[in-house]
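These are the residues of each chain, in order.
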Amino acid sequence: MKKITLSVVALTMTMMSFGQTQCKGLTKDSVECKNTTKTEVKLCHIHNPNHVVLSDQTTVVCSGTTKKNTKCKSKTKDVSGLCHNHRKN
Ligand SMILES: [Zn+2]
Ligand SMILES: [Zn+2]
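Treat the numbers as computed from the prediction; the structure is a model and nothing was measured. (Residues numbered from 1 in each chain as written. Chains lettered and ligands numbered in written order. Predicted model: local features only at pLDDT ≥ 70, side-chain atom pairs only at ≥ 80, totals over all residues. Heavy atoms only, no water.)

K.L.:
Any chance you could break down the side chain of T37 for me, citing the residues and the numbers?
P.N.:
Residue placement: T37 occurs in strand 2 (residues 36-37). Here T39 takes part through its side chain, which lies 2.8 Å from a polar atom of the side chain of T37. A distance of 3.1 Å separates a polar atom in the side chain of T37 from the backbone oxygen of L43. Filtering out sequence-adjacent residues up to four positions away, T37 remains in contact with G19, Q20, T21, C23, K42, L43 and C44. (Helix = DSSP H or I, 4+ residues; strand = E, 2+ residues; numbered from the N terminus. Polar contact = N/O pair within 3.5 Å; in protein donor to acceptor, adjacent residues only side chain to side chain. Contact = heavy atoms within 4.5 Å.)

Following this line, the structure appears as structure tokens:
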């Protein structure tokens, strides 16, 4: 009995992972986007304006210091590790 239950769970999970749909967005050349997505809006991370990048770019706290010589608390995704305020300098 236990084995059956486990295989059902595995099957359900497999089916869920295949629940990808093609993105409805268009590329710059007005070609259908070939990315697949699992989101309800049927837009891939490129076309979904609400997409939050979690792994591609990590948000870090700015390594710059303020005028008061305290650590900048702004968060940045820039590779320099500096927020927009400190990058301008
Ligand atoms: Zn897309
Ligand atoms: Zn900063």
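K.L.:
Mind laying out the coordination of the zinc ion (ligand 1), listing which residues take part and the relevant values?
P.N.:
Looking at the zinc ion (ligand 1), the protein donor atoms are C23 (SG), C33 (SG), C44 (SG) and H47 (ND1), and they sit 1.9 to 2.3 Å from it. Taken together, the 4 donor atoms coordinating the zinc ion (ligand 1) span angles of 102 to 115 degrees at the metal, a pattern that classifies the geometry as tetrahedral. The sequence pattern describing where the donors of the zinc ion (ligand 1) fall on their chain is C-x9-C-x10-C-x2-H. Taken together, the residues span a long stretch of sequence, with C33 in the loop between strand 1 (21-22) and strand 2 and C44 in the loop between strand 2 and strand 3 (60-61) at a distance of 11 residues. (Donors = N, O, S within 2.8 Å, 3.2 Å for Na, K, Ca; no water. Tetrahedral: all angles 85-135°; square planar, octahedral: opposite > 155°, others 65-115°.)

K.L.:
Residues and numbers for the coordination of the zinc ion (ligand 2), please.
P.N.:
The protein atoms donating to the zinc ion (ligand 2) are C62 (SG), C72 (SG), C83 (SG) and H86 (ND1), with metal-donor distances spanning 2.0 to 2.3 Å. All donors to the zinc ion (ligand 2) come from one chain, and their sequence spacing reads C-x9-C-x10-C-x2-H. Of the two residues, C72 sits in the loop between strand 3 and strand 4 (75-76) while H86 sits in helix 2 (residues 84-87), which places them 14 residues apart along the sequence. This pair shows no difference in class: C72 is buried, exactly as H86 is. (Buried < 20%, exposed > 50% of the residue type's maximum accessible area, 1.4 Å probe, protein only.)

K.L.:
Give a detailed account of the environment of H45, specifying residues and quantitative values.
P.N.:
In this structure, H45 sits in the loop between strand 2 and strand 3. Considered as a pair, H45 and N35 are 10 residues apart in the sequence and their alpha carbons are 8.6 Å apart.

K.L.:
Explain the environment of T27 to me, using residue names and the numbers behind them.
P.N.:
Mapped onto the secondary structure, T27 falls in the loop between strand 1 and strand 2. In this structure T27 comes out as partly exposed when scored by relative accessible area, which is 34%. For the pair formed by T27 and I46, sequence separation is 19 residues and the distance between their alpha carbons is 9.4 Å. For T27, the residues in contact, after removing those within four places along its chain, are E32, C33 and H47.

K.L.:
Account for the pattern of salt bridges, naming residues and giving values.
P.N.:
Taken as a whole and judged by the stated rule, the model has 1 salt bridge. With its nearest N and O atoms 3.1 Å apart, the salt bridge here joins D78 to R87. (Salt bridge = Lys/Arg side-chain N within 4 Å of Asp/Glu carboxyl O.)

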